[in-house]
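One letter stands for each residue in the lines below.
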2 protein chains.
Amino acid sequence: MSDLLLALDFGGTKLSAAVLQLQDGRPEQEWEAQQRAFSPAGADAQYSIKHMLSMARELLRDRQPSAVGVSFGGPVNAVDGIVRLSHHVPGWENIHLADLLERELAAPAALDNDANTAAAGEFRFGAGQGYSSLFYITVSTGVGGGWILNGKPWSGANGMAGEIGHMVIDPDGPVCSCGKRGCVERLASGPSMAQNARDLLQAGPEQLSQASILLKLAGGELSGITAKIISQAAAQGDLFARQVMEAAARSLGLAVGNTANLMNPQLFVIGGGVSKSGPLYWDSLRKGTRETALPHIQTKLLPAALGDDAPLWGAAGLALDLRTS
Amino acid sequence: MSDLLLALDFGGTKLSAAVLQLQDGRPEQEWEAQQRAFSPAGADAQYSIKHMLSMARELLRDRQPSAVGVSFGGPVNAVDGIVRLSHHVPGWENIHLADLLERELAAPAALDNDANTAAAGEFRFGAGQGYSSLFYITVSTGVGGGWILNGKPWSGANGMAGEIGHMVIDPDGPVCSCGKRGCVERLASGPSMAQNARDLLQAGPEQLSQASILLKLAGGELSGITAKIISQAAAQGDLFARQVMEAAARSLGLAVGNTANLMNPQLFVIGGGVSKSGPLYWDSLRKGTRETALPHIQTKLLPAALGDDAPLWGAAGLALDLRTS
């Protein structure tokens, strides 16, 4: 049997593929080769599949993988290997992606959504190694998560577990894209943090004097404010940016504390772009968590170790399981 | 081996014991015999143990049980069979209850906390039969819960999972006994519902005219208001009581919806005295759940089937597992 595994990650705007060489039955902790491409505007499912297959074939150089693992950025039926839909890319409805890849690549394929693959990736190859239960949270454009319980993924009765982004923590809060008020995603995602900064500055221009660094970094325009610029300004001493960032981190911390009370996992692994906002962000996140969790409940938070590659590593794990099953 | 199982439930104010006769290796769906006693004020751990043993011996009538299962109303170390403490009864700190019962009753004993035993009881013998994942919630003096995932109890990294009562769902809400604001328990427990009614009537006496049925049932005194009286008044058409009850039910529903988003179990089983508040209560509970859960997440809610006996049935299950292991 071939010692090669193929890992594929269909993200909303990004396609990633990697080939891993097994050593003594374990994947090496480095990719043998990896490729990444950003999808153009207007790309659909057929474009994505065609482009991904071409990347995969290039990496494989006529060699045969023993199994293919796939992460998909949207709801899937993992049992049957079927994509339900994508919220970002048209044409993905009910595509039998695992079957299609099996035919094209002549190797068994397994599929899961990106929250579960990222959680599994961090669990098997990243920050969660050595633990048996963890909740992985990604905070970027949205806020989502994936569970590992008793060493195995937990995806729920209809594959929807992990939606911490739509936990309501303030029924009087701002309206979320899902229609509810005060969802974690509306308070703590990157775009929400930027939106909150803009809203506050528009409603209270007297705060502009405290936001001079932020505005300078944003090119003098409210529309130039992003979560990344907020964290940069906060690190440079901008008081307003710091308050906005800390409020978002504490909102996330409250949700993490609620989750600790409800599920009491050994570990929380926090990834995604917003989690790279620096020590001030993490202080507020940990404080919010600690204040919300009951006294006897442990709340260990670690930054994700695999960054944007977590779903791809989880996909590699799916391939490894197929090969050894 | 004896066909008798002994099940014991050490509650905060109540001791219950039951003997079950096995038929074809399964416990009958009725107790062979059951006893219940309320602890006097000032009762401590030694009193409870002595009284429980005396009840057990009376039920056993010199027969030997093959195993003993124990439910305890407070935090325990289930692995080692040790009670950590009781929040209601003094003297329970670090008592090796399983060992003690094994010596006294000459049969192996296993122990878990009442949220887990109630969840397991409903799962194996009650409303959760045939499901593989459920969250059991009890709403009475407090609000707590227990998990079944993949057909097994999930009690968390340090045995604290299930604390839905201390999920914060309104950071500006009233202060909970735990010190935080807007915990589910402070919005939806029986005493909280009564407190909310009293607070609203004191703050807005103009509402008294809408609360005439409630006040009559409460003996004309605000201090006479209880959750049970609120649900009775609501059923009899008291508008104020109905609003108070529906607000509490919707708060619980919001927490159930949050839990559905996070864990996506097949089923929620709702028990405890407050869950017996009638159809209006359940309508609001289901509405709050549905409004909070994401559209594709299933939210099936069923009333508990075993009532106050759920922990005792769970204890019987522990005994059965010991016998067959």
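Calculation criteria
- Residues numbered from 1 in each chain as written.
- Chains lettered and ligands numbered in written order.
- Predicted model: local features only at pLDDT ≥ 70, side-chain atom pairs only at ≥ 80, totals over all residues.
- Heavy atoms only, no water.
- Least-squares fit on C-alpha atoms with pLDDT ≥ 70 in both.
- Contact = heavy atoms within 4.5 Å.
- Pairing = 2+ DSSP bridges.
- Helix = DSSP H or I, 4+ residues; strand = E, 2+ residues; numbered from the N terminus.
- Axes fitted to C-alpha atoms, helices over the stretch in contact; angles between N-to-C directions.
- Phe/Tyr/Trp six-rings, centres within 6.5 Å; stacked < 30°, edge-to-face > 60°.
- Buried < 20%, exposed > 50% of the residue type's maximum accessible area, 1.4 Å probe, protein only.
- 1 Å grid on protein atoms, 1.4 Å probe; cavity = no way out; pocket = protein on both sides within 12 Å on 5 of 7 lines; lining within 4 Å.
- Points joined across faces, edges and corners; volume = space filled by probe spheres on them.
- Nonpolar A, V, L, I, M, F, W, Y, C, P; charged D, E, K, R; others polar.
- Arc of directions from axis to C-beta.
- Buried area = accessible area lost by both parts, 1.4 Å probe.
- Salt bridge = Lys/Arg side-chain N within 4 Å of Asp/Glu carboxyl O.
- Polar contact = N/O pair within 3.5 Å; in protein donor to acceptor, adjacent residues only side chain to side chain.
- pLDDT = per-residue confidence, 0-100.
- Core = buried A, V, L, I, M, F, W, Y, C linked by side-chain atoms within 4.5 Å.

(A) Just the relation of the copies chain B and chain A, in detail. Each copy of the sequence occupies a distinct position, and chain B is placed on chain A by a rotation of 180 degrees and an axial shift of 0.0 Å, giving an RMSD of 0.0 Å. In symmetry terms, the pair is related by a two-fold rotation axis. Mapped onto chain A, 100% of the interface residues of chain B again fall at the interface, so both copies present the same surface.

(B) How the structure looks around the sheet that holds strand β9 (residues 134-139) of chain A. Residue and element names in this part refer to chain A. The strand order β11-β10-β9-β12-β13 describes an open sheet built from five strands, whose pairing is mixed. The outermost strands of the open sheet, each flanked by one partner alone, are β11 (152-154) and β13 (301-303). For this sheet, the mean angle separating the axes of adjacent strands, direction not counted, is 30 degrees. As paired strands, β9 and strand β12 (residues 267-271) are joined by five bridges and run parallel to one another.

(C) A look at the packing of aromatic side chains. All names here are of chain A. In total, this model carries 14 aromatic pairs over all chains according to the counting rule given. Here F10 and W92 contribute two aromatic rings whose centre-to-centre distance is 5.4 Å and whose plane-to-plane angle is 80 degrees, an arrangement assigned as edge-to-face. In this pair, F10 is assigned in strand β1 (residues 4-10) and W92 in the loop between β7 (82-83) and α2 (97-105), connecting sequence segments 82 residues apart. Here F10 and W92 have matching classes, each one buried. Residues F125 and W313 carry aromatic rings whose centres are separated by 4.9 Å and whose planes lie at 45 degrees to one another, so their mutual orientation is tilted. Remark: W313 occurs in helix α10 (residues 310-324) and F125 occurs in helix α3 (residues 114-125); sequence separation between them is 188 residues. Both residues of the pair, F125 and W313, count as buried. Aromatic rings pair up to connect F10, F72 and W92 into one cluster.

(D) Structural detail: the layout of surface pockets. Residue and element names in this part refer to chain A. Of the volumes computed, that of the second largest pocket is approximately 1600 Å³. Lining the second largest pocket are 46 residues, with G73, H88, D114, T138 and G142 sitting closest to its centre. At the level of elements, β1, α3, β9, β10 (143-149) and α10 are the ones that each hand at least two residues to the lining of the second largest pocket. Of the residues assigned to the lining of the second largest pocket, the class counts are 16 nonpolar, 22 polar and eight charged.

(E) Representation of the sheet that holds strand β10 (residues 143-149) of chain B within the structure. All names here are of chain B. Strands sit in the order β11-β10-β9-β12-β13 across an open sheet of five strands; the sheet is mixed. Sheet topology places β11 (152-154) and β13 (301-303) at the edges, where each strand pairs with a single neighbour. Averaged over all neighbouring strand pairs, the angle between strand axes comes to 30 degrees, with direction disregarded. Direction of pairing for strand β9 (residues 134-139) relative to β10: antiparallel, over a ladder of six bridges. Each bridged residue has a counterpart across the sheet, and for V139 the counterpart in β10 is V143. Packing against the sheet, helix α3 (residues 114-125) makes contact with β9, β10, β11 and β12 (267-271), and its axis sits at approximately 55 degrees to β10. Along the sheet, helix α9 (residues 279-292) contacts β9, β12 and β13; its crossing angle with β13, the most-contacted strand, is approximately 155 degrees.

(F) Structural context of the side chain of D170 of chain A. As for its position among the elements, D170 of chain A is in the loop between β11 and α4 (184-188). Dropping the residues within four chain positions of it, D170 of chain A is found in contact with R181 and G182 of chain A together with I169 and P171 of chain B.

(G) Focus on helix α2 (residues 97-105) of chain B. Residue and element names in this part refer to chain B. Restricting attention to buried positions, one finds in α2 the residues L97, A98, L100, L101 and L105. The arc enclosing the buried residues of α2, seen along the axis, measures out at 160 degrees, which places them on a common side. Buried residues belonging to α2 abut β1 (4-10), α1 (45-60), β5 (67-72), β7 (82-83) and β8 (109-113). Where α2 ends, the next residue or the one after it, A106, has phi of about 55 degrees, a positive value.

(H) Representation of the interface of chain B and chain A within the structure. With 39 residues of chain B at the contact, the number on the chain A side is 39 residues. A combined buried area of about 3100 Å² lies between chain B and chain A, and 63% of that area is made up of carbon and sulfur atoms. The tally of links between chain B and chain A comes to zero salt bridges. Summed over the shared surface of chain B and chain A, the result is 21 residue pairs in polar contact (both at pLDDT 80 or more). Residue assignment for the side of chain B that touches chain A shows that the elements contributing at least two residues are β10, α8 (239-263) and α9 of chain B. For the side of chain B that touches chain A, the element with the most residues is α8 of chain B, which contributes six residues.

(I) Looking closely at the pairing of strand β8 (residues 109-113) of chain A. Residue and element names in this part refer to chain A. Judged by how many residues are buried, β8 sits mostly within the fold: five of five residues are covered. Residues of β8 alternate between two faces, with A109, L111 and N113 on one and A110 and D112 on the opposite face, all of them buried. Examined bridge by bridge, strand β5 (residues 67-72) and β8 share five bridges and lie parallel to one another. Looking across to β8, one finds that F72 is bridged to N113.

(J) Here's a closer look at the confidence of the model for chain A. In this model, chain A carries a mean pLDDT of 94, and residues with pLDDT of at least 70 account for 100%. Scoring of the predicted complex yields 0.92 for pTM and 0.92 for ipTM.

(K) Region of the structure containing the environment of E246 of chain B. All names here are of chain B. Position of E246 relative to the elements: it lies in helix α8. Exposure remark for E246: the relative accessible area of 22% places this residue in the partly exposed category. E246 sits 36 residues away from W282 along the chain, and the two C-alpha atoms are 8.8 Å apart.

(L) Fine view of the nonpolar core. Formed by 108 residues in total, the largest nonpolar core has its most connected members in L252 of chain A together with L252 of chain B. Discounting residues that sit within four places of it in the chain, L252 of chain A has contacts with I137, V139, V143, V184, A188, I270, Y281 and L285 of chain A.

(M) Expanded view of the environment of A233 of chain B. All names here are of chain B. Turning to its location among the elements, A233 is positioned in helix α7 (residues 227-235). Given a relative accessible area of 0%, A233 falls into the buried group. On a C-alpha basis, the gap between A233 and G179 in space is 31 Å, while along the polypeptide they are 54 residues apart. Apart from residues lying up to four places away in sequence, A233 is in contact with I213, L214, L217, D238 and A241.

(N) Spotlight on the side chain of S39 of chain B. Looking at where S39 of chain B falls in the secondary structure, it is placed in the loop between β4 (33-38) and α1. Since its relative accessible area comes to 19%, S39 of chain B is described here as buried.

(O) Broad picture of the pattern of salt bridges. All names here are of chain B. Scanning the entire structure with this criterion turns up 17 salt bridges over all chains. For R36, the salt bridge goes to D309, with nearest N and O atoms at 2.4 Å. Within this pair, whereas R36 is found in strand β4, its partner D309 is found in the loop between β13 and α10 (310-324), the two being separated by 273 residues in sequence. Look at R36 and you get partly exposed, because its relative accessible area is 34%. On the basis of relative accessibility, which here comes to 16%, the residue D309 falls in the buried class. Across the salt bridge formed by D199 and R186, the nearest N and O atoms sit 4.0 Å from each other. Taken as a pair, D199 in helix α5 (residues 190-203) and R186 in helix α4 (residues 184-188) lie far apart in primary sequence, 13 residues in all. We classify R186 as buried; its relative accessible area is 14%. Here the residues in one salt-bridge network are E32, R61 and R63, joined through shared partners.

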